[in-house]
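Here is what each chain is made of, one letter per residue.
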Amino acid sequence: MTAEQMWQAYCESSGVPEQTPYSAWAFCGGGAVGDELAFLVLAGTKTATASALVAFEPENEPLPKVGEYSVILLDNGEAAGVICDTKVTLVPFDEVSGEHAFREGEGDRSLAYWQKVHREAFAPDYEAAEKTV
């Protein structure tokens, strides 16, 4: 199913107007890790996510906002599901809570695991910005 088809089906079943804006994207830009994260969302295990603020800066991308919808894509371009942002906060990396790490649903769901994998995941964006995580 394409993102457009998924969005149409979602709108029909939820009553959200079809003209409501949405974006379509894959976790981590795609690949096996992105698919794994999408499947965690579908299973109800992953109910939170995080991005590096420096990733938004080069192209002056707007930050996510409460109420925004996204169609989550798999690496093959197929739509996996629809999510809606219900809370958006800016938190320094070293102040992310254990609760947030748990809600991200990855690995053993610990803060230590979250910090390790996100330090690695965010490194390219920080290096491009000539900053350190």
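All values derive from a computational prediction rather than experimental measurement.

The next point concerns the overall build of the chain. Scanning the chain from N- to C-terminus turns up four helices and three strands. In sequence order, the secondary structure elements of the chain are arranged as α-β-α-β-β-α-α. The C-alpha atoms of the chain give a radius of gyration of 15 Å, which matches the 14 Å a tight globule of 133 residues would have. Principal-axis analysis of the C-alpha atoms places the extent of the chain at approximately 45 × 35 × 30 Å. Per-residue burial over the chain gives 30% buried out of 133 residues.

Taken together, the three strands give an open sheet; going across it, the order is β1-β2-β3, and neighbouring strands pair in mixed fashion. For this open sheet the edge positions go to β1 (22-25) and β3 (79-84), each flanked by a neighbour on one side alone. When the angles between neighbouring strand axes are averaged without regard to direction, this sheet yields 20°. Here β1 pairs with strand β2 (residues 69-73) via four bridges, running parallel. Looking across to β2, one finds that tyrosine 22 is bridged to tyrosine 69. Along the sheet, helix α1 (residues 3-14) contacts β1, β2 and β3; its crossing angle with β3, the most-contacted strand, is approximately 50°.

This next bit is on the side chain of serine 70. Position of serine 70 relative to the elements: it lies in strand β2. Separated by 3.3 Å, the side chains of serine 70 and serine 23 make a polar contact. A distance of 2.8 Å separates a polar atom in the side chain of serine 70 from a polar atom in the side chain of tryptophan 25.

Analysis parameters
- Residues numbered from 1 in each chain as written.
- Predicted model: local features only at pLDDT ≥ 70, side-chain atom pairs only at ≥ 80, totals over all residues.
- Heavy atoms only, no water.
- Helix = DSSP H or I, 4+ residues; strand = E, 2+ residues; numbered from the N terminus.
- Rg over C-alpha atoms; globule rule 2.2 N^0.38 Å.
- Buried < 20%, exposed > 50% of the residue type's maximum accessible area, 1.4 Å probe, protein only.
- Pairing = 2+ DSSP bridges.
- Axes fitted to C-alpha atoms, helices over the stretch in contact; angles between N-to-C directions.
- Contact = heavy atoms within 4.5 Å.
- Polar contact = N/O pair within 3.5 Å; in protein donor to acceptor, adjacent residues only side chain to side chain.

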